[in-house]
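Each chain, letter by letter, is given below.
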Amino acid sequence: MANLDPQDFGSLSRFFHEALEAGLDHYRGLEEAPVWQPPAEQALRAFTGPAPSQGQPLDQLLDHFRDHLIPYTNGNLHPGFFGWVHGGGNLYGALGELCAALLNNNLGGRNHIAHAVEGQVVQWSRELFGFPQQSSGLLVSGTSMASVIALAVARQWALGEEVKRQGVQGKGPVLVGYCSTQTHGALVKAFQLLGLGSESLRRVPVRDDHSLDTAALRESIRNDRRAGLKPFAVIGTVCTVNTGAIDDLAGIADICEEEQLWFHVDAAFGAALALLEEYADDLAGLDRADSVGFDFHKWFQVPYAVGGVLVRDAQAHRSTFSEPVEYLETQPIGLEAGAPWPCDLGPELSRGFLALKVWFTFQGVGLESMAASVRKHCRLARELAIRVSAAEDLECLAPVSSNIVCLRYRPSSDHATGVCSEHYLDALNRAIVTQLQLQGVSAPSTTTLNGCLAIRVAIVNHRTEWKHLEQLLHHTRRIGECLDQRYPTLLNPTHWHFMQGGDGRLIVDPVTGLNRYGCSPAPRDHAFTFASSTASSVSRQAYEAADHYRQQLLHDLLAAGPSEVVPDCFRKLEHQLMGLLGLNDLEASAFLVPSGTDAQLLSVGVTASDSSASWVSVVCGADETGSGTPESVTGRHFDSETCLGVPVTRGERLAGMAPIGYRAIDIHGETGRVRSPTEMDAAIEDCVASLVSEGHSVILHAMEQSKLGRWCPSREVMDRLRERFDGRLQIIVDACQLRTDPEDLRTHLEQGDILLLTGSKFFTGPPFSGAAIFPKQVGRRLANDRGALPEGLSDYITSDALGRWQSMVACARPALQTGVLLRWRAALAEMERYYAVPERIRVDGLNRFSEQVVSLLREHPLVEPLFAPDEDWWARNDFAGRELSNRRSIFPFLVKASQGGGYLDAGQTRRLYELLNQELDRDSLEPLGEAMRRAAGQCCHIGQPVPLKGISSAALRISMGARIISDSYAAGGSFEDHLEGEVRQIRMILDKIELCVSQTLL
């Protein structure tokens, strides 16, 4: 039926009453509920469905209100809410809001009673703020809109009415306005929206009490006049948002009169001080303002959202916004009477009945009760400041002018008194506020004053009493002490954690800001990054995911402690990794470790725990693996310190590790000749057969993709070796590049192979994100044997990371490995982004990018690709996957010393790699064309050089990473255009190579 009213008004009445009771119950139980809590997943899902084609049952809608809305508000009803300046609302105003909704009036204009109510509220506002009877006023959504309206009037007052037709673009003098550095950001937006630009709003310094310095204001006005600019307005503030400071309104009014400037007052929440006689002197000058903006929904406690604007010159106000049109023509009598209409005083024609909730509030509460509430808040703020100032572990960071106290917790620990104490205190207090909110015990906010982060306590809620402030102080101390004493390192920024739990390659050079991989642990948006065969700088999206994880980890540790939280973190990340790769159903065991080499050492230790065998590691493509491989595959320490910071002797066998032999099968001969895949297959098969015939068991380290993109042995050879030497062979697949599709990873696990992965190559997570995945066969063998793993593994992997295998490693200890956890969270964020792109688009993007890179490398006169598309090493046809597995995504090349000349030697190639990753001094180079000048200033991070036998040179690499696809897809515009932008970056890299060679910088 077309009529949308209910057929059964009685039934609807019952639901109205039930909704009202649910809301009232919420008010009754405020003290028992958390101040705030994040929305539950179920609640979020309740508001993600498609628009319904049919009406839903009212009881279902009411359930949504009770279960998914009431518990998850922003908390400002609660007496323990002190964040920002949010009013606590009131039930009289809520009743007015309901009544206004029932009336459904449009207050843009026309002749009806609702305008009389708004007129009454505007008149009350005139009386409160000392504005003359003939001034005009309008109710708006809040002071942000009030500022736009008031400054629009001021703009026209300064430039004349022609500004409505001509605008401000290049017309007449440049207008400038003035406010303090503490003025609300809404004024900046107002300048932007009015076409004046934020640079035209001068931010005048403040005094020690954070009020505007009127002497500095005078000087700024003089300077602008001398510069030929046109000062037109000054904004004074009653209660700045940071500290509640009150500007010298009388002094500003004097300056505005002398200089003939418009005087606007931002009294967003401080307007309520007009209710108190004791603040009359502080507000002296408010009645001289040309305009004032204020909020009823803050300190006046009216439900959101409603504010107001008053303009002294009613004619100027009306002329700014009045725009007669035929369909809004007014008449002396009838429904079209009542001129001027509110739409003549602001930009909106459709306006809700904002006034009724204000009218209900004023009528239901009365000015005396309102004043008492405001007075109480100011008294509580002063008492809180006294308590804080008297405490040894707390300090006030600003004078208290009204109802805002800015403080911070300051422990006496070494963390807070060291060289970086201010940074530590900022992080500590920021974390305290976050934990107060997450724990639901209190809800202040933060701000920055004089370079220090402050806990900002705005006392605005009429329900707040001293006990709620005592609770705030108690929990601030409780949380602060716990954070400072137990988890100070977690207060370090996320990029600090990215450098922990690895080796010296992760440490950033303070000069370049880069680690030894040439990448940054923080987002490096300005650089072109194609180094994902080595390591890449973290993306902004992945960094934010890891930072969120760090803060959530801190919260979880405070709630439950590391013995419960840390193992659970490992299990969840492992489960997420396996889920993204589609492997969760295989009963495999995944372990997260710092690097692929750590994963290799763990895998060898697990395999060689069968001590009845004589083990030999056979490494395929050994000359294109990591430098620590010969030690790790033989169960020996591969550095002088482990990822857990344990000092060891490089080359020494791990405690409890069985002796393991070593065979290397290189791809390159001593003369530089490269074996074909067929030759490698034969050499690998012969080596394994020979070792087994000698009585050895073999750990075959298969290469899924090497540094230069090669793989060996073939799938056919691996299958044949498994069949021939079942029980005497364990294959460990080096898939650390993760340029292998889930189908092929699954096949390996199903056939009993161990997988080594990293999230820091193709998926471009931070370096040192390693993982070892053991097939169910290995897990069952360990369980059946009830044996022990080498105790020396405890120097590399914690009991938390080992999970259910921890009892097998003697001396394994728990440790909070934030580096591993956060790096893997960042890597998983990149995997999520990549796999969120539809498969068809991913494959198409990989194909097109690969074709473009190959073409550019083959055409460039100074570059020689190491592979041609028709060579055997290029083909990957025996892989099942048709996305990453069967196409090349690492493109190695040599660089010539000059056109037609020999290659750069290894040292020159290293120098070229470093120069590419720097911004070159363009002025010190020979005269360059525009393209080369751009290239000189561009940082280009590509894969590190790989030394090659026989030719005394090294190969550089352009490496395709997941972000090429995910960034292109997430750009929101044309996927093709963004992908072309990536190709343009490759062209610039080649330009920079040519620049470095031609300018003899090597």
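Residues numbered from 1 in each chain as written. Predicted model: local features only at pLDDT ≥ 70, side-chain atom pairs only at ≥ 80, totals over all residues. Heavy atoms only, no water.

Turning our attention to the overall build of the protein. For the protein, the count of helices and strands is 32 helices and 23 strands. Along the first, second and third principal axes, the C-alpha set of the protein runs to 110 × 70 × 70 Å. The buried share of the protein, reckoned over its 1002 residues, is 55%. About 41600 Å² of surface is accessible on the protein, with carbon and sulfur atoms providing 50% of the total. Taking the average location of the 91 positive side-chain charges in the protein and that of its 122 negative ones, the two points are 2 Å from each other. (Helix = DSSP H or I, 4+ residues; strand = E, 2+ residues; numbered from the N terminus. Buried < 20%, exposed > 50% of the residue type's maximum accessible area, 1.4 Å probe, protein only. Areas by Shrake-Rupley, 256 points an atom, 1.4 Å probe, with all protein chains shown as cover. Lys, Arg positive; Asp, Glu negative; His and termini not counted. Charge placed at Lys NZ, Arg CZ, Asp CG, Glu CD.)

On the basis of which strands lie adjacent, the open sheet formed by seven strands has the order 1-7-6-5-4-2-3 and mixed pairing. In the strand order of this sheet, the two ends are held by strand 1 (136-140) and strand 3 (201-204), each with one partner. The mean inter-strand angle of the sheet, taken between neighbouring strand axes irrespective of direction, is 20 degrees. With four bridges connecting them, strand 2 (residues 175-180) and strand 3 associate as parallel partners. By the bridge assignment for strand 3, Cys-179 is matched with Arg-203. Set on the sheet, helix 5 (residues 114-129) makes contact with strand 1, strand 6 (291-295) and strand 7 (307-311); between it and strand 1 the angle comes to about 115 degrees. Packed onto the sheet, helix 9 (residues 214-226) meets strand 2, strand 3 and strand 4 (230-237) and runs at close to 165 degrees relative to strand 2. (Pairing = 2+ DSSP bridges. Axes fitted to C-alpha atoms, helices over the stretch in contact; angles between N-to-C directions. Contact = heavy atoms within 4.5 Å.)

By the element assignment, Asp-726 lies in the loop between helix 23 (715-724) and strand 17 (729-734). In this structure Asp-726 comes out as exposed when scored by relative accessible area, which is 70%. Along the sequence, Asp-726 and Gly-285 sit 441 residues apart, while their C-alpha atoms lie 93 Å from each other.

On to the pairing of strand 11 (residues 452-458), then. Of all seven residues that make up strand 11, seven are buried, and the element is covered over most of its length. Residues Cys-452, Ala-454, Arg-456 and Ala-458 line one face of strand 11 and the alternating positions Leu-453, Ile-455 and Val-457 line the opposite face, and both faces are buried. Pairing between strand 9 (residues 404-409) and strand 11: four bridges, direction antiparallel. In the strand pairing of strand 11, Val-405 is matched with Val-457.

Now for the pattern of salt bridges. Applying the stated criterion across every chain, the model contains 54 salt bridges. Between Arg-375 and Glu-277 there is a salt bridge whose closest N-O contact spans 3.4 Å. Here Glu-277 lies in the loop between strand 5 (262-267) and strand 6 and Arg-375 lies in helix 13 (residues 367-390), a separation of 98 residues in the sequence. The class for Glu-277 is exposed, based on a relative accessible area of 60%. (Salt bridge = Lys/Arg side-chain N within 4 Å of Asp/Glu carboxyl O.)

Turning our eyes to something else, we now look at the environment of Thr-671. Position of Thr-671 relative to the elements: it lies in the loop between strand 15 (660-665) and helix 22 (677-693). Using a relative accessible area of 64% as the deciding quantity, one classes Thr-671 as exposed. Sequence-wise, Thr-671 and Asn-429 are 242 residues apart; in three dimensions their C-alpha atoms are separated by 62 Å. Contacts of Thr-671, omitting those with residues within four sequence positions, involve Lys-949 and Gly-950.

To continue, consider the side chain of Asn-90. Among the structural elements, Asn-90 can be located in the loop between helix 3 (58-69) and helix 4 (91-103). At 2.8 Å, the side chain of Asn-90 forms a polar contact with the backbone oxygen of Gln-301. (Polar contact = N/O pair within 3.5 Å; in protein donor to acceptor, adjacent residues only side chain to side chain.)

Inspection of every chain in the model, using the stated rule, returns 26 aromatic pairs. For the ring pair Trp-124 and Phe-362, a centre distance of 5.3 Å and an interplane angle of 5 degrees mean the geometry is stacked. Of this pair, Trp-124 sits in helix 5 while Phe-362 sits in helix 12 (residues 355-365), and the two are 238 residues apart along the sequence. When its relative accessible area of 18% is taken as the criterion, Trp-124 is described as buried. (Phe/Tyr/Trp six-rings, centres within 6.5 Å; stacked < 30°, edge-to-face > 60°.)

In this structure, Val-457, Leu-700 and Trp-805 are the most contacted members of the largest nonpolar core, which totals 181 residues. For this core, the element with the highest residue contribution is helix 32 (residues 975-998), accounting for 11 residues. The residues contacting Leu-700, other than those within four sequence positions of it, are Val-618, Cys-620, Ile-684, Val-688, Pro-713, Leu-721, Leu-729, Gln-730, Ile-731 and Ile-732. Counting 68 residues, the second-largest nonpolar core is a separate cluster that includes Phe-129, Phe-131, Val-374 and Ala-458. (Core = buried A, V, L, I, M, F, W, Y, C linked by side-chain atoms within 4.5 Å.)

Here we take up the sheet that holds strand 11. Spatial strand order, 8-9-11-10: four strands in an open sheet with antiparallel pairing. On the outer flanks of this sheet lie strand 8 (394-396) and strand 10 (445-449), each paired with one strand and no other. Going across the sheet, the axis of each strand differs from the next one's by a mean of 45 degrees, ignoring polarity. Sheet topology note: the strand 10/strand 11 ladder contains five bridges and is antiparallel. Within the sheet, the bridge partner assigned to Ser-445 lies in strand 11 and is Arg-456. Along the sheet, helix 16 (residues 466-486) contacts strand 8, strand 9 and strand 11; its crossing angle with strand 9, the most-contacted strand, is approximately 25 degrees.

Of all the five residues making up strand 18 (residues 754-758), five are buried; the element is thus mostly covered by neighbouring parts of the structure. Judged by which residues are buried, strand 18 turns out to be covered on both faces: Ile-754, Leu-756 and Thr-758 on one side and Leu-755 and Leu-757 on the other are all buried. Relative to strand 18, strand 17 runs parallel, the two being bridged by three bridges. Across the sheet, Val-733 pairs through a bridge with Leu-755, a residue of strand 18. In terms of handedness, the path from strand 17 via helix 24 (residues 742-750) over to strand 18 forms a crossover that is right-handed. Bridge count for strand 18 against strand 19 (residues 770-774) is four bridges, and the pairing is antiparallel. Opposite Leu-756, over in strand 19, you have Ala-772 as the bridge partner. (Right-handed = clockwise from strand over helix to strand, strands pointing away.)

On to a nonpolar patch on the surface, then. Together, Phe-16, Leu-95, Leu-98 and Leu-102 give the surface a local cluster of nonpolar side chains, amounting to about 370 Å² of exposed area. Residue class for Leu-95 comes out partly exposed when judged on its relative accessible area of 44%. (Patch = residues over 30% accessible without salt bridge, like charges linked within 9 Å, V, L, I, M, F, W, Y side chains within 5 Å.)

Our next topic: the environment of Pro-927. Mapped onto the elements of the fold, Pro-927 is located in the loop between helix 29 (906-916) and helix 30 (930-936). Along the backbone, Pro-927 and Ala-385 are 542 residues apart, and their C-alpha atoms lie at a distance of 64 Å.

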